[in-house]
Amino acid sequence: MNKPTLNPITAEHRNTYRRDGVVHLRQVFDRQWIERLGQEVDRLLKDPENYGIPGPSHGASMASVCFMWRQPGVFRDFVLNSPVGEVVGRVIGADTIRAYHDHLFHKPPGSTKVMVWHCDETAWPVTGEMAPNIWVALTPVDRENGRVEYVAGFHRHCVENDLHFGFAPDQADGLCPDFEKERNNPDFPFRFVSFDMEPGDAVVFHPSTPHFSQGNHSSARPRTGLAVRVFGDDVRWYPAPYKASIPGVDALPEGEPPSGKFFPVIWRRTDVGSAG
Ligand SMILES: O=C(O)CCC(=O)C(=O)O
């Protein structure tokens, strides 16, 4: 199982992430990681509560389970000992990366589950741009089986205009816009992007990048992704009412950097002075 990334993170990846708030990385995790995770997912699907905390979108048409990494096993090993930290750190230009959240999204064949447009920023009780998501493909992913779609560039609009979306219309700046209305709008100033992925590929996206997925229209192929959420240097505690809390973690004073056993450092830059 690889510890350094299989393929290097390049200046082009960093520039794409900065511009679009989302970047596709081909083959950063080796086959052994993907096979071990795949076998563990098969076990988890038989008894999800034994592995983690079911997420709000968990149900018959999608397994959505979080915080598996907090207990010993393959998910913890992946979060702590795979290239996750290095890959994200190099894409976003951080010096230190801490783990805090993992989230399995498994859509079985024929799943009708639609993940509506949302930004992850809503859910984390922190401020800071260095709180991205790395969504790792554990199966082939394509248009038919429900690949995730993103609105490229919208993160800059959010950051520049200090826009934050709530879980309810009366929270913060309201709900995340429903970008389905914009799909056929030739004047929409942002691009919809999505990626066909092979197991071992990953997509890193900014906490204010809106994303969405259709159901799984394949009658035979599941679509499985493991999202790992991490914190970089600029993340500070901000327990606003429109944000979710983190299970087991008492709110820290506003402005404190996250630390402690639920936010372990998983990568530190040793090549200080280099951007990548
Ligand atoms: O896997 C999906 O369909 C949704 C992913 C998602 O919403 C996320 O990673 O935050």
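Before any of the text, the structure's been laid out above.
In this report, the structure presented in the accompanying data block is examined. If you're wondering where the values come from, they're calculated on a predicted model, not measured in any experiment.

## Focus: the sheet that holds strand β9 (residues 191-194)
Strands pair in a sheet through their backbones, by hydrogen bonds, and they do so in one of two ways: parallel or antiparallel.
Right, on to step 1. An order of β5-β11-β8-β9 is seen for the 4 strands of this open sheet, with the pairing classed as antiparallel. Of all strands in the sheet, those bounded by a partner on one side alone are β5 (115-118) and β9. Sheet twist, expressed as the average angle between the axes of neighbouring strands with direction ignored, equals 25°.
Right, on to step 2. Sheet analysis places β5 next to strand β11 (residues 211-213), joined by 2 bridges and oriented antiparallel.

## Considerations on the nonpolar core
Right, on to step 1. In this structure, Val 87, Val 88, Ile 134, Val 136, Ala 202, Val 203 and Val 204 are the most contacted members of the largest nonpolar core, which totals 72 residues.
Right, on to step 2. Contact partners of Val 87, with chain neighbours within four places excluded, come to Thr 5, Ile 9, Leu 25, Val 28, Ile 134 and Ala 202.

## Brief notes about the site of the ligand
Right, on to step 1. Near the ligand, the surroundings consist of Phe 105, Met 115, Asp 120, Asn 133, Trp 135, Val 148, His 211, Ser 213, Gly 225 and Ala 227.
Right, on to step 2. Looking at the shell around the ligand, the elements with two or more residues in it are β7 (133-137), β11 and β12 (223-231).
Right, on to step 3. Tallied by class, residues from the shell around the ligand come to 5 nonpolar, 4 polar and 1 charged.

## Remarks on the packing of helix α2 (residues 31-46) against helix α3 (residues 74-81)
Right, on to step 1. Look at α2 against α3: their axes get within 9 Å of each other, and the N-to-C directions meet at 145°. α3 is crossed by α2, and the crossing has left-handed handedness. Each of Trp 33, Arg 36, Leu 37 and Glu 40 in α2 lies in contact with α3, whose residues at this interface are Val 74, Phe 75 and Phe 78.
Right, on to step 2. Of the residues that constitute the contact of α2 with α3, the class distribution is 5 nonpolar, no polar and 2 charged.

Cut-offs used in this document
Here the residue numbering is sequential within each chain, running from 1 through the sequence in written order. Where local features are concerned, this predicted model is filtered to residues with pLDDT of at least 70; where side-chain atom pairs are given and counted, the filter is 80 or more; whole-chain, interface and lining totals use all residues. When DSSP finds two or more bridges between two strands, those strands count as paired. Numbered from the N terminus, helices here are DSSP runs of H or I no shorter than four residues, and strands are runs of E no shorter than two. Axis definition: a line fitted to C-alpha atoms, over the contacting stretch in the case of helices. Angles run 0 to 180 degrees between N-to-C directions. Each nonpolar core comprises buried Ala, Val, Leu, Ile, Met, Phe, Trp, Tyr and Cys residues, the members being joined through C-beta atoms within 7 Å. Residues with at least 20 other C-beta atoms within 10 Å of their own are called buried, those with 12 or fewer are called exposed, and the rest are partly exposed. The C-beta atoms themselves are positioned from the backbone. Placing C-beta atoms from the backbone, we regard two residues as in contact once those atoms come within 7 Å. By definition, a residue lies near a molecule or strand provided its backbone-derived C-beta atom is within 6 Å of it. Throughout this entry, Asp, Glu, Lys and Arg are counted as charged residues, while Ala, Val, Leu, Ile, Met, Phe, Trp, Tyr, Cys and Pro are counted as nonpolar. The remaining residues, Gly among them, count as polar. Throughout, a crossing is termed right-handed when the near helix is turned clockwise from the far one, and left-handed when it is turned anticlockwise from it by less than a right angle.

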